[in-house]
Each structure stands twice: as structure tokens, then as C-alpha cells.
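A look at the structure
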Amino acid sequence: MKKVILILVIALTFTFNSNAQDDMVKTISLEQITGEFVQKGLTVSEGSYVFAISNNHVGTDVGFVLVPKGKDASKPENHIKTAYVTSTVKDGKVENSQTTKLSKGRYVYFCPLNKTPQYTLIVE
């Protein structure tokens, strides 16, 4: 009986460790300068991410918008709200989004405050 319990505990430990690794949140750091992002496109693996957006002396507060590619980015209902920074990014500062789960596909990101172009984020 003790062997059965020991085997069950070991199996559960491996299961919990495997799930914890799958749920690990990674950070995507993106830097904005006047009128653009320094990172012109990204490819990442499927998973959970926090976006860390930095304002490198743009001269205005900046933000971050993420939209599935093909959806109208001008419509807020198409924005992935968890990817918004929790507050606008002041000059010389960094702000984070909430945790955002990204599924395989293509997305676009941009800043409407800094009037950047739309860049592609690919999730494989």
C-alpha cells in the first residue's frame, strides 16, 4: 500500500510541475520612440505573456493595442483588452499589461497615442 501511495504522489508531482511550466508567464518587451516601435515585428510561441511597453522619450504618453490580424483595429471591440497597459506610459517609464493568453495565429500591434504603424506579431 505504501508503494502505491508513493507512486501516486510521484505521478501527481510530475503532473503539477508539467502544468506549472505550461502556465509560465513570459514577458514581451517593446520600446517606443517617436512615431514607431523599435521592434518591427515578433514571432513567439503560443502561451501566456505580459507586454512591457517602454516610452523612450516620445514626448507624449504612449499605450499599446493588440488585435487579431484581419479585424478592424480602429474598433475597440476588436482589441484584446488584457494586452492594454494598465496605465498610459509616461516619458522614460515602462508599464505592463495584464497577462494575455496568445493562441496560434497572427496579430497586429500599434500605439494610437504615438501614431505608430501596425506591426505583425506571429504566434506559432
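My aim in this report is to walk through the structure given alongside it, one point at a time. (Residues numbered from 1 in each chain as written. Predicted model: local features only at pLDDT ≥ 70, side-chain atom pairs only at ≥ 80, totals over all residues. Heavy atoms only, no water.)

**Observations concerning the sheet that holds strand 5 (residues 65–68)**
Taking strand neighbours across the sheet as the criterion, the four strands line up as 3-9-8-5 in an open arrangement whose pairing is mixed. At either margin of the open sheet sits one strand with a lone partner, and together these are strand 3 (41–44) and strand 5. Pairs of neighbouring strands in the sheet enclose a mean axial angle of 25°, with direction left out of account. (Pairing = 2+ DSSP bridges. Helix = DSSP H or I, 4+ residues; strand = E, 2+ residues; numbered from the N terminus. Axes fitted to C-alpha atoms, helices over the stretch in contact; angles between N-to-C directions.)

**Overview of the nonpolar core**
One recurring pattern in soluble globular proteins is that nonpolar side chains are buried together. Of all hydrophobic cores here, the largest spans 23 residues; its most connected members are Leu30, Phe51, Phe64, Leu66, Leu102, Tyr109 and Leu121. Elements with a contribution of two residues or more to this core: strand 1 (25–33), strand 3, strand 4 (47–55), strand 8 (105–110) and strand 9 (119–123). Val65, Val67, Ala73 and Phe110 belong to the second-largest nonpolar core, a separate cluster that totals five residues. (Core = buried A, V, L, I, M, F, W, Y, C linked by side-chain atoms within 4.5 Å. Buried < 20%, exposed > 50% of the residue type's maximum accessible area, 1.4 Å probe, protein only.)

**Some details on the pattern of salt bridges**
Going through the model one piece at a time under the given rule, you end up with two salt bridges. The salt bridge involving Lys40 is made with Glu36; its shortest N-O contact spans 2.6 Å. By relative accessible area, Lys40 is classed as partly exposed at 45%. What makes Glu36 partly exposed here is its relative accessible area of 28%. Note that Lys90 is salt-bridged to Asp61, the shortest N-O span being 3.0 Å. Linking Lys90 in the loop between strand 5 and strand 6 (94–96) with Asp61 in the loop between strand 4 and strand 5, this pair joins segments that are 29 residues apart in sequence. Assessed through its relative accessible area of 44%, Lys90 is described here as partly exposed. (Salt bridge = Lys/Arg side-chain N within 4 Å of Asp/Glu carboxyl O.)

Functional significance is not addressed by these values, which are geometric in nature.
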